[in-house]
Amino acid sequence: MTRALTRTHAMTADRRRSSDLLTPASIDDAKWGPLKKLTGSLGGTVPKHPELSWREGLGIRLDWADERLWLLLEPRTVFEGITQGNRTAATDFARERTVRRYNPALNALLSFWSTLFACPERDILALGISAGVDAAFRLDDTTAYSGRGRP
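Residues numbered from 1 in each chain as written. Predicted model: local features only at pLDDT ≥ 70, side-chain atom pairs only at ≥ 80, totals over all residues. Heavy atoms only, no water.

**Here's the deal with unusual backbone geometry**
Okay, so step 1: Positive phi outside glycine occurs at Lys-48, with the angle close to 70°.
Okay, so step 2: Take Lys-48: it is sitting in the loop between strand E3 (43-46) and strand E4 (49-65).
Okay, so step 3: Positioned with a positive phi, Asp-66 is a non-glycine residue whose angle comes to about 55°.
Okay, so step 4: Relative to the helices and strands, Asp-66 resides in the loop between E4 and strand E5 (68-80).
Okay, so step 5: Here Asp-66 falls in the exposed class, since its relative accessible area comes to 63%. (Helix = DSSP H or I, 4+ residues; strand = E, 2+ residues; numbered from the N terminus. Buried < 20%, exposed > 50% of the residue type's maximum accessible area, 1.4 Å probe, protein only.)

**Things to note about the environment of Asp-134**
Okay, so step 1: Following the sequence through the fold, Asp-134 ends up in the loop between strand E6 (124-125) and strand E7 (136-137).
Okay, so step 2: The class for Asp-134 is partly exposed, based on a relative accessible area of 21%.
Okay, so step 3: Taking the C-alpha atoms as reference, Asp-134 lies 10.0 Å from Ala-4; in sequence the two are 130 residues apart.
Okay, so step 4: A distance of 3.4 Å separates the side chain of Asp-134 from the backbone nitrogen of Ala-126, its partner in a polar contact. (Polar contact = N/O pair within 3.5 Å; in protein donor to acceptor, adjacent residues only side chain to side chain.)

**Details of the pairing of strand E2 (residues 19-24)**
Sheet faces and side chains relate simply in a regular strand, where the side chains alternate between the two faces.
Okay, so step 1: Buried residues dominate E2, accounting for six of its six residues.
Okay, so step 2: Along E2, one buried face is formed by Ser-19, Leu-21 and Thr-23 and the opposite face, lined by Asp-20, Leu-22 and Pro-24, is buried too.
Okay, so step 3: Sheet topology note: the strand E1 (residues 11-16)/E2 ladder contains six bridges and is antiparallel. Following the sheet pairing, Thr-12 is matched in E2 by Thr-23.
Okay, so step 4: Once E1 ends, the chain turns through two residues before running back antiparallel as E2, passing Arg-17 with a positive phi of about 50°.
Okay, so step 5: Across three bridges, the pairing between E2 and E4 is antiparallel. (Pairing = 2+ DSSP bridges.)

These figures come from the coordinates and say nothing about function on their own.
Given below as C-alpha cells:
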C-alpha cells in the first residue's frame, strides 16, 4: 500500500515502528498548495538545530475493524536527522506546530489526505508494471472519523 501511494502521489516513505511516514517528495510542487494553505509551511529546519529538518506529512497504517480493512491516517510532522541530542527539540517543535490543530483544522487535514488518496473508480498499483504480478489497491472515499451529530 505504501509503495502504491508514494508512487502515485510523488511522496517519500519512511518505516517507523508500526506505521509508515509519508511526506511530499518535493514541497515546492504546486500539487501540495492546498496542504500548504492548511499548514502554513511544508518543511524546513528546526530553529537552532540546522541538522534537524522537518516536513509536513502523515503516518499511515492498516487496521481491521467492522469487518473491513481501514487505512488509518495521522497527520504529523516528520523529521530527518533526529539524534538523542536533538530529540527534545524535535518533540517541542512538533508540539508547537500541532498544538492549535483543533477539530476544524484537523478535520480539514484529514479531508485533504483522504480526498487525495481516494480512488474508488480505479486501482493504484504498487509497482506500475504491465507484465507480471503487481499489487493493486482501490481506496474508497468513505471516511470513518466522527462528526457532530444531527438532532
